[in-house]
Amino acid sequence: MKLLRFGPAGQEKPGLLDDKGVIRDLTGHVGDITGDVLGDEALARIAAIDPATLPEVDPATRLGPCVGSIGKLLCIGLNYSDHAAESGLPIPDHPILFMKANSAIVGPNDDVEIPRGSTKTDWEVELGVVIGTRAKYVEKADALSHVAGYCVVNDVSERHFQTQLTGQWTKGKSCDTFGPVGPWMVTRDEVPNPQALDLWLDVNGTRRQTGTTAKMIFDVAAIIEHLSQLMTLHPGDVISTGTPPGVGMGIKPEPVYLKEGDVMELGIAGLGAQRQTVVQG
């Protein structure tokens with residue numbers, strides 16, 4: 001099942017994508033695609049609805065972030081061995097954690113703004129993990145049972161802000177529009193192995209990132225186990241699990257960064273694709 005949210009920013013309605021690629025309106029069945037409908041029982045009730053009985057939505061309608069009222073947007077850094085290598089950084093002993101401000105979250109096809117003073121805005125295609133049930137002190141063997149589903153995240157990053165403005169990575173990760181999420185959340189029953197997904201990202205039609213979640217240093221279950229020892233993960237929290245190689249910062253002989261008018265297209269096999277135009281903030 002593919003769950004989504006559609007409509008103007010701040011006024012999104014709940015929906016699903018049927019097996020013919022038609023967006024269907026879930027209004028009246030659920031209030032929104034938020035943490036309170038992401039548990040197994042609630043998802044089963046939605047799955048029992050015949051999509052053909054739901055109103056069709058104009059395919060040109062804007063898509064919002066596929067999860068509403070995200071509680072925490074947790075991000076894992078340097079989680080692909082080949083990305084760590086291109087960054088010139090050692091393999092971490094534990095998952096590197098940083099937070100992305102919720103005010104950065106936008107829809108999958110919304111514009112991405114280069115913030116004022118930015119010289120090094122970069123791209124990062126990542127697998128997003130949506131938490132469906134409360135997770136605290138979880139063992140790795142049980143970790144995936146707490147997942148509602150998976151989605152595409154673009155962890156847009158400003159490298160100068162991230163590394164040169166004194167402080168933590170969050171400064172370069174939390175600018176407005178730096179968190180496109182969606183187009184939809186694919187429930188975990190349709191993703192039997194989150195460590196066997198291909199990722200890609202193009203800038204202006206040029207392939208920049210190609211990767212597979214098989215190359216993660218810490219797999220999804222290990223990440224959930226680790227984070228749940230540090231904090232409670234709540235339904236509606238989203239974990240962005242790191243990016244494969246090919247970011248602008250790593251391009252040789254000179255890095256390449258985003259500029260006004262650039263177009264990013266990115267996706268993950270089975271989870272859909274995003275498209276953002278870069279504008280000056």
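The structure this text deals with has already been given above.
Asks: Quick rundown of the environment of Gln195? Include the residues and the values.
Replies: For Gln195, the location among the structural elements is in the loop between strand S13 (185–187) and strand S14 (198–203). Expressed as a C-alpha distance, the spacing of Gln195 and Ala221, which sit 26 residues apart in the sequence, is 9.8 Å. Dropping the residues within four chain positions of it, Gln195 is found in contact with Thr213, Ala214, Met216, Asp219 and Val220. A distance of 2.8 Å separates a polar atom in the side chain of Gln195 from the backbone nitrogen of Val220.

Asks: So what's going on with unusual backbone geometry? Residues and values would help.
Replies: Backbone torsion omega between Gly182 and Pro183 reads 25°, so that peptide bond is classified as cis. By the secondary structure assignment, Pro183 is in the loop between strand S12 (179–180) and S13. The backbone phi angle of Ser69 is positive, close to 50°, even though this residue is not glycine. With a phi close to 55°, Tyr137 is a non-glycine residue in the positive phi region. If you trace the backbone, Tyr137 turns up in the loop between strand S9 (125–131) and helix H3 (140–143). Residue Tyr137 is classed as exposed on the basis of its relative accessible area of 52%.

Asks: Describe helix H1 (residues 40–47), naming the residues involved and giving the relevant values.
Replies: Ala42, Leu43 and Ile46 are the residues of H1 that are buried. Down the axis of H1, the buried side of the element spans an arc of 100°, and every buried residue falls inside it. Of the exposed residues in H1, those oriented more than 90 degrees away from the buried face are Glu41 and Arg45. Looking at the packing, one finds that the buried side of H1 touches strand S1 (2–6), strand S2 (13–17), strand S10 (147–154) and S13.

Asks: An account of the environment of Ile96 is requested, with residue identities and associated values reported.
Replies: Tracing the sequence through the fold places Ile96 in strand S5 (residues 96–99). The spacing of Ile96 and Leu78 is 18 residues in sequence and 7.0 Å in space, taken between C-alpha atoms. With residues near it in sequence (within four places) discarded, Ile96 still touches Cys75, Ile76, Gly77, Leu78 and Trp169.

Asks: Hey, could you go over the pairing of S1 for me, with residue numbers and the actual values?
Replies: The buried fraction of S1 is high, at 4 of 5 residues. Across 2 bridges, the pairing between S1 and S13 is antiparallel. The residue bridging Leu3 from the neighbouring strand is Met185, located in S13. Pairing geometry for S1 and S2, over 5 bridges, is antiparallel. Bridging across to S2, Leu3 finds its partner in Leu16. Between S1 and S2, which pair antiparallel and follow one another directly, the connecting turn spans 6 residues, one of which, Gly7, has a positive phi of 120°.

Asks: Give me the lowdown on the sheet that holds S1, citing residues and values where you can.
Replies: In spatial order, the strands read S3-S2-S1-S13-S10-S9-S16-S4-S5; together these 9 strands make up an open sheet with mixed pairing. Strands with a single pairing partner mark the edges of an open sheet, and in this sheet they are strand S3 (23–25) and S5. Pairwise comparison of adjacent strand axes, ignoring direction, gives a mean angle of 30° for this sheet. Note: S2 against S3, 3 bridges, orientation antiparallel.

Asks: Let's hear about the pattern of salt bridges: which residues, and what values?
Replies: In the structure shown here, the tally under the stated rule is 19 salt bridges. Of the charged contacts, one joins Glu12 and Arg62 as a salt bridge, the two residues approaching to 2.9 Å between their closest N and O atoms. Taken together, the positions of Glu12 in the loop between S1 and S2 and Arg62 in the loop between H1 and strand S4 (73–77) put the pair 50 residues apart, joining distant regions of the chain. By relative accessible area, Glu12 is classed as buried at 15%. Note that Asp82 is salt-bridged to Lys215, the shortest N-O span being 3.9 Å. Taken as a pair, Asp82 in helix H2 (residues 81–86) and Lys215 in the loop between strand S15 (206–212) and helix H6 (220–230) lie far apart in primary sequence, 133 residues in all. For Asp82, a relative accessible area of 25% translates into the label partly exposed. With relative accessibility at 43%, the residue Lys215 sits in the partly exposed group.

Conventions adopted
Residue indices begin from 1 for each chain and proceed along its sequence in written order. Side-chain atom pairs in this predicted model are given and counted only at pLDDT of 80 or more, local residue features only at pLDDT of at least 70, and totals for whole chains, interfaces and linings cover all residues. Remark: hydrogens and water are excluded; side-chain values derive from all non-hydrogen atoms of the structure. Each helix is a run of H or I in the DSSP string that is no shorter than four residues. Each strand is a run of E no shorter than two, and both are numbered from the N terminus. Only heavy atoms enter the contact rule, under which two residues are in contact if any of them lie within 4.5 Å. For this analysis, a polar contact is any N or O atom pair within 3.5 Å, provided that within protein one partner can donate a hydrogen and the other can accept it, and provided that sequence-adjacent residues contribute only side-chain to side-chain pairs. Exposure categories follow from relative accessible area, calculated using a 1.4 Å probe and restricted to protein chains: below 20% of the type maximum is buried, above 50% is exposed, and the middle band is partly exposed. Taken from the helix axis, the directions to the C-beta atoms give the arc we talk about. When DSSP finds two or more bridges between two strands, those strands count as paired. Each axis is a line fitted through C-alpha atoms, and for a helix only the stretch in contact is used; angles between axes span 0 to 180 degrees, taken between their N-to-C directions. For salt bridges, the criterion is a side-chain nitrogen of Lys or Arg within 4 Å of an Asp or Glu carboxyl oxygen.

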